[in-house]
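Notes for the structure review
Residue strings, one per chain:
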Amino acid sequence: MVVKSIADVVNFIENGVKIDFEKIKIEKDEDNILDFSDVKGQYFAKRAMEISAAGGHNILLIGSPGSGKSMLAKRMIGILPEMSENEIIESTKIYSVAGELSEKNPIISKRPVRMPHHSSTLPAMVGGGKKAIPGEISLASNGILILDEMSEFKHSVLEALRQPLEDGFVSITRAMYRVEFKTNFLLVGTSNPCPCGMLYEGNCKCSNIEIERYTKKLSGPILDRIDLIIQIKRLNEEELVNNKKGESSAEIRKRVIKAREIQFKRFKETRTNSTMTQEELKKYCDIKDEDKKFLISALENLKISARVYDKILKIARTIADLEGKEELERKHLLEAISFKK
Ligand SMILES: [Zn+2]
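Being a predicted model, the structure only gives us computed values, none of them experimental.

Here's the deal with the overall build of the protein chain
Helix and strand content of the protein chain: 16 helices and 9 strands. Summarising its shape, the C-alpha atoms of the protein chain cover approximately 75 × 45 × 45 Å along the three principal directions. Considering the protein chain as a whole, with its 341 residues, one finds that 46% of them fall into the buried category. Of all intrachain contacts in the protein chain linking residues separated by at least 6 positions in sequence, the fraction that spans at least 24 positions is 72%. Of the accessible surface of the protein chain, which amounts to about 18600 Å², a share of 53% is contributed by carbon and sulfur atoms. With 56 positive and 51 negative side-chain charges, the protein chain shows a spacing of 2 Å between the two charge centroids.

Here is the structure:
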């Protein structure tokens, strides 16, 4: 419900005249959303995106041009639950401050999707200006921030993502003011694997040094905040000719909602597994000693850094939640490991 005019509010405060609220028709999230059923093959990537949506895990899709990574990224929004009333109010406030509301679009009732271009400036991303206007990072709150071709973004822009990803807010300091905008978004990044893009397709023309320099653009601290890093290959001939429709976004979303409900119950607030603290990890991801040994040696064999141990536990927790299982089992760990590069 919204008031029709400021005059109504003034009249209410000064003269106690009852406000005639206007009912706003909330559009359903399903409208005009790209569907996963249009994406052929890529089962591994689709499963990773389901886990990402369910547990609020940031995700990076790495693949060659034409592998469908951007197509997949744009479909993430269709498998997220609808916004809660609190989220609608929060996002509407941010858009109001940013001057992005209009008569046609007076409230934000659909999860925002922001997809800034890789040439975006730091102020455009973080916010600022004379009147402390929120930037892309804040506008994406309660929705998703898609960074297509993430390696092409300026280093300063990627660095600016660290604080919001870590602490859930972005602060802007200028000569005249210092403001903090709360933000809570799901990061969906895409990237080529190398400058020519063909590393996973077997016909890469880049030198080792070029590849190394390219991968280094996505710095460790940012990658540390991305739980799922997925390699995507182009479809093979068999997958290309297969006309079978994939599972719809609505079906996937049902599982995502169920898994989120389990998490809200666990944390007694609307939080997801990706935000678990060390203490919570110990409490909710308690695995058998033999599984611990198994996980440590699997990481060693796969030459995966021990730092990702916690990430694997968080992802395994989400996989178990999607299955409705309370106990973390070996198969959940195995699937979680399969999502590590
Ligand atoms: Zn290459």
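Concerning the environment of Ile-304
Topologically, Ile-304 is positioned in the loop between helix H14 (289–301) and helix H15 (309–323). The class of Ile-304 is buried, set by a relative accessible area of 12%.

Examining a negative patch on the surface
There is a patch of like negative charges on the surface, built from Asp-286, Asp-289, Glu-290, Glu-326 and Glu-327. Checked against the element boundaries, Asp-286 lands in the loop between helix H13 (278–284) and H14. Among the residues examined, Asp-286 registers a relative accessible area of 56% and is labelled exposed.

Overview of the nonpolar core
Ile-59, Met-76 and Leu-295 are the most contacted members of the largest nonpolar core, which has 49 residues in total. Residue contributions to this core peak at 8 residues, all from H15. Ile-59 has contacts with Ala-48, Met-49, Ser-52, Met-76, Leu-187, Val-188, Gly-189, Ile-226, Leu-228 and Ile-230, leaving out every residue within four places of it along the chain. Ala-132, Leu-145, Met-150 and Ala-160 belong to the second-largest nonpolar core, a separate cluster that totals 27 residues.

What to know about the packing of aromatic side chains
Under the defined criterion, the tally for this structure stands at 2 aromatic pairs. On the basis of an interplanar angle of 20° and a centroid distance of 4.8 Å, the ring pair of Phe-44 and Phe-339 is categorised as stacked. Here the residue Phe-44 occupies a position in helix H2 (residues 43–55), and Phe-339 occupies one in the segment after helix H16 (330–338), the gap between them amounting to 295 residues. Consider the rings of Phe-267 and Tyr-284, whose centres lie 5.8 Å apart with planes at 85°: the pair is edge-to-face. Separated by 17 residues along the polypeptide, Phe-267 in helix H12 (residues 249–267) and Tyr-284 in helix H13 bring together distant segments of the chain. The buried category is assigned to Phe-267, whose relative accessible area is 8%. Across the ring face of Phe-267, the terminal group of Arg-266 is positioned such that the distance to the ring centre comes to 5.8 Å. Taking NZ or CZ as reference, Arg-266 lies 5.6 Å from the ring centre of Tyr-284, over its face.

Some thoughts on the packing of H2 against H12
Between H2 and H12, whose axes approach to 8 Å, the crossing angle comes to 35°. As for how H2 packs across H12, the hand of that crossing is right-handed. Across the interface between the two elements, Glu-50, Ala-53, Ala-54 and Gly-55 from H2 touch Ile-252, Arg-255, Val-256, Ala-259, Arg-260 and Gln-263 from H12. Partitioning the contact of H2 with H12 into residue classes produces 5 nonpolar, 2 polar and 3 charged.

Side note on the coordination of the zinc ion
Listed as protein donors to the zinc ion are Cys-194 (SG), Cys-196 (SG), Cys-204 (SG) and Cys-206 (SG); their distances from the metal cover 2.2 to 2.4 Å. For the zinc ion, the 4 donor atoms in the first shell make angles of 104 to 115° at the metal, so the coordination geometry reads as tetrahedral. Each donor residue of the zinc ion belongs to the same chain, with the gaps between them written as C-x1-C-x7-C-x1-C.

Overview of the pairing of strand S7 (residues 178–182)
Of the pairings in the sheet, the one linking strand S6 (residues 169–173) to S7 comprises 5 bridges and is antiparallel in character. In the strand pairing of S7, Ser-171 is matched with Glu-180. Linking S6 back to S7 in an antiparallel pair, the connection comprises 4 residues.

Remarks on helix H4 (residues 85–97)
One turn of an α-helix holds 3.6 residues; hence residues three or four places apart share an orientation. Counted at 1.5 Å a residue, the expected span for H4 with its 13 residues is 18 Å, and the 19 Å between its end C-alpha atoms agrees. Every buried residue belonging to H4 is among Glu-87, Ile-88, Ser-91, Thr-92, Ile-94 and Tyr-95, and all of these are buried. Looking straight down H4, one finds that the buried residues subtend no more than 160° of arc, so they occupy a single side. Away from its buried face, by an angle of more than 90 degrees, H4 presents the exposed residues Glu-85, Asn-86 and Lys-93. Contacts made by the buried residues of H4 are with strand S2 (113–114), strand S4 (133–134), helix H6 (136–139) and S7. One or two residues past the end of H4 sits Gly-99, with phi positive at roughly 70°.

So, how was this worked out
- Residues numbered from 1 in each chain as written.
- Predicted model: local features only at pLDDT ≥ 70, side-chain atom pairs only at ≥ 80, totals over all residues.
- Heavy atoms only, no water.
- Helix = DSSP H or I, 4+ residues; strand = E, 2+ residues; numbered from the N terminus.
- Buried < 20%, exposed > 50% of the residue type's maximum accessible area, 1.4 Å probe, protein only.
- Contact = heavy atoms within 4.5 Å.
- Areas by Shrake-Rupley, 256 points an atom, 1.4 Å probe, with all protein chains shown as cover.
- Lys, Arg positive; Asp, Glu negative; His and termini not counted.
- Charge placed at Lys NZ, Arg CZ, Asp CG, Glu CD.
- Patch = residues over 30% accessible without salt bridge, like charges linked within 9 Å, V, L, I, M, F, W, Y side chains within 5 Å.
- Salt bridge = Lys/Arg side-chain N within 4 Å of Asp/Glu carboxyl O.
- Core = buried A, V, L, I, M, F, W, Y, C linked by side-chain atoms within 4.5 Å.
- Phe/Tyr/Trp six-rings, centres within 6.5 Å; stacked < 30°, edge-to-face > 60°.
- Lys NZ or Arg CZ within 6 Å of the ring centre and 35° of its normal.
- Axes fitted to C-alpha atoms, helices over the stretch in contact; angles between N-to-C directions.
- Left-handed = near helix turned anticlockwise from the far one by under 90°.
- Nonpolar A, V, L, I, M, F, W, Y, C, P; charged D, E, K, R; others polar.
- Donors = N, O, S within 2.8 Å, 3.2 Å for Na, K, Ca; no water.
- Tetrahedral: all angles 85-135°; square planar, octahedral: opposite > 155°, others 65-115°.
- Pairing = 2+ DSSP bridges.
- Expected span 1.5 Å × (residues − 1).
- Arc of directions from axis to C-beta.

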